[in-house]
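Observations on the model geometry
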Amino acid sequence: MTYVKTPAATETYLINPNIKKPIFALTMPAFVGYTEFAKDNMDDLTYKPKKISSMNEYVKYFGKAPDLMFDMDIIKLQADKELDTPSPIIFQLGIDVAEDGNTENKSKYIFCVTGNTCHNLYYNVDMFFQTGGKNCYIVSAGNYRDKIDKKALIQGIAELKKVDEVNLIAIPEAIGLSNSNDFSQVQKSMLAHCGNDMKNRFALLDIYPDTEDGSGTDKMIETFWDGVGTEFLSYGAAFFPYINTNRLKTSDISNATITYNIGFLTYYNKFAEHDPAFAKTVQSLLDWNDQDSDDNAFHTALLNASPMYQQAIQTVISKSNALPPSCMIAGLLSLVDSSHCSYREINKIPMCLYTSLLPTVNLDYSQISALGNPENGKAINIMYKGCGEMALSGARTLDCKSEYYSLISMRQLMIQIETSLKDFAKQFIHETNTACTWEYIKTSIEFFLCHLWKDCLLKGRWPEEAFQVQVGLGDTMVADDIFNGFMRIKVMVAPTAPSKFLEIPITLEMGKS
């Protein structure tokens, strides 16, 4: 302890040296998802948060990315039946074919490519480190043999209650859930965890993909707004669109990664009118009955000749390369920390270093403005292409109409102030509830907040306009509080404008008098 005597004071106060400088916790995100395995030597890490600082550590504890494997098939769809495949559909194209030349007897044939592109946690964590991330926690909710499940992801969120260090949460694989209702339930659980259970962390949310009726961006946004609910919105932010990476190239697709199912080899001629080159090429390759399973001739010939096949492969590549932006945003927030400017807005960070990352959809100015400040207040921060590189239009929470918490930086600032003050106050639960203790607490907190004011994080011409601290009998407590062992502290800070205070109440349960 250091004894400090101010010129205007007539008595000496104890100042805790550990809070002389307000050092906030650095960005520490947690990512929940599916991994190849989850082991630390012989210990099973499933549902056990594990801290890592590099992709080498990720590979050590959780394995590599899933193998690229796709199935190509042509399915004859029965009347009044919907297409149902074991794996998620990446591409599909359906045509009606008159059987035996009878136009009144038509059957529907669907050329489709299926495969699992949903297990993308490996690539998202890699993008986190590439865009400035330093450390993070991983919670494995299963392996690549498991389908992405709502209950498993929510259980992973619950396990994060055991880790105090975490202050950001992202679940990029939630976009692989089978329906938007499950996706909404996971996101509501993230917001409730941050704003109700813990109150010291923030959720980075993605938008559910357009997989139902192809209605596009408007339907995706409406689905998100309807599903995210109305509670704890200032504890989360949404980002859109997805990020187009370059992890998969045309040269990565070959016979080794594609399985041509029996339907493909049986019904290929049904597409003779739609794409004559497709049917002709498949027929010629089948006639050439000297194919090695490792040979790439089948895939290469179709890729060179068939427009429909080219479209399918291009769709596979584009959908595989599209990653949700939440992990990249976590990396940018970590980059803000490392630049020693803890509450600079992330949309002010230049992205020229990430020229290989571009948004999958380019929205115009009117769309960006409307989504950034919608009537319902649920702002969506938009990434767009500007001057050949990616930029972020805003850094707003889902409660952009809030007087205090419309900005991500403001919510993070208040979370960190409140957490720092409550952690500091905990050390006094075994002290006497007397004027000496009150004065020590008051002076120490004022010293702490004065540093924030000097760093322009609290607003006011004078300290009195930026913050106020009250503790003591007649100010925050009555005699019954002291008798029953309660110390009540009231801290007021002005993060947005002078004398426009937000109150932070702190209650300590101490020994009874």
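Structural data are supplied above this passage.
Residues numbered from 1 in each chain as written. Predicted model: local features only at pLDDT ≥ 70, side-chain atom pairs only at ≥ 80, totals over all residues. Heavy atoms only, no water.

Look at helix H7 (residues 276-287) against helix H8 (residues 297-305): their axes get within 9 Å of each other, and the N-to-C directions meet at 155 degrees. Put simply, H7 runs roughly antiparallel to H8. When you trace H7 past H8, the crossing you get is right-handed. Each of Ala-277, Phe-278, Thr-281, Val-282 and Leu-285 in H7 lies in contact with H8, whose residues at this interface are Phe-298, Ala-301, Leu-302 and Ala-305. Across the contact of H7 with H8, the residue classes tally to eight nonpolar, one polar and no charged. (Axes fitted to C-alpha atoms, helices over the stretch in contact; angles between N-to-C directions. Helix = DSSP H or I, 4+ residues; strand = E, 2+ residues; numbered from the N terminus. Parallel < 35°, antiparallel > 145°, perpendicular 65-115°, else oblique. Left-handed = near helix turned anticlockwise from the far one by under 90°. Contact = heavy atoms within 4.5 Å. Nonpolar A, V, L, I, M, F, W, Y, C, P; charged D, E, K, R; others polar.)

Tracing the sequence through the fold places Ser-326 in helix H10 (residues 326-338). Assessed through its relative accessible area of 0%, Ser-326 is described here as buried. Ignoring sequence-local partners within four residues, the contact set of Ser-326 consists of Ala-170, Pro-172, Leu-204 and Asp-206. (Buried < 20%, exposed > 50% of the residue type's maximum accessible area, 1.4 Å probe, protein only.)

Between Phe-240 and Pro-241 the backbone carries a cis peptide bond, its omega angle lying at -5 degrees. By the secondary structure assignment, Pro-241 is in the loop between strand E13 (236-240) and strand E14 (243-244). The backbone of Asn-41 sits at a positive phi, close to 60 degrees, despite the residue not being glycine. Structurally, Asn-41 can be placed in the loop between strand E4 (39-40) and strand E5 (43-44). Positioned with a positive phi, Lys-199 is a non-glycine residue whose angle comes to about 60 degrees.

Right, let's get into the sheet that holds strand E22 (residues 502-509). Adjacent strands of a sheet pair through backbone hydrogen bonds, lying either parallel or antiparallel. With antiparallel pairing, three strands are arranged side by side in an open sheet as E20-E21-E22. The open sheet has two edge strands, strand E20 (467-471) and E22, and neither has a second partner. Each strand of the sheet is rotated relative to its neighbour by a mean of 15 degrees, with strand direction disregarded. Here strand E21 (residues 486-493) runs beside E22; their pairing, made up of eight bridges, is antiparallel. Each bridged residue has a counterpart across the sheet, and for Ile-489 the counterpart in E22 is Ile-506. Sheet contacts for helix H12 (residues 408-425): E21 and E22; angle to E22, the most-contacted strand, approximately 25 degrees. In the packing of helix H13 (residues 435-454) onto the sheet, contacts are made with E20 and E21, and the angle to E20 comes to roughly 170 degrees. (Pairing = 2+ DSSP bridges.)

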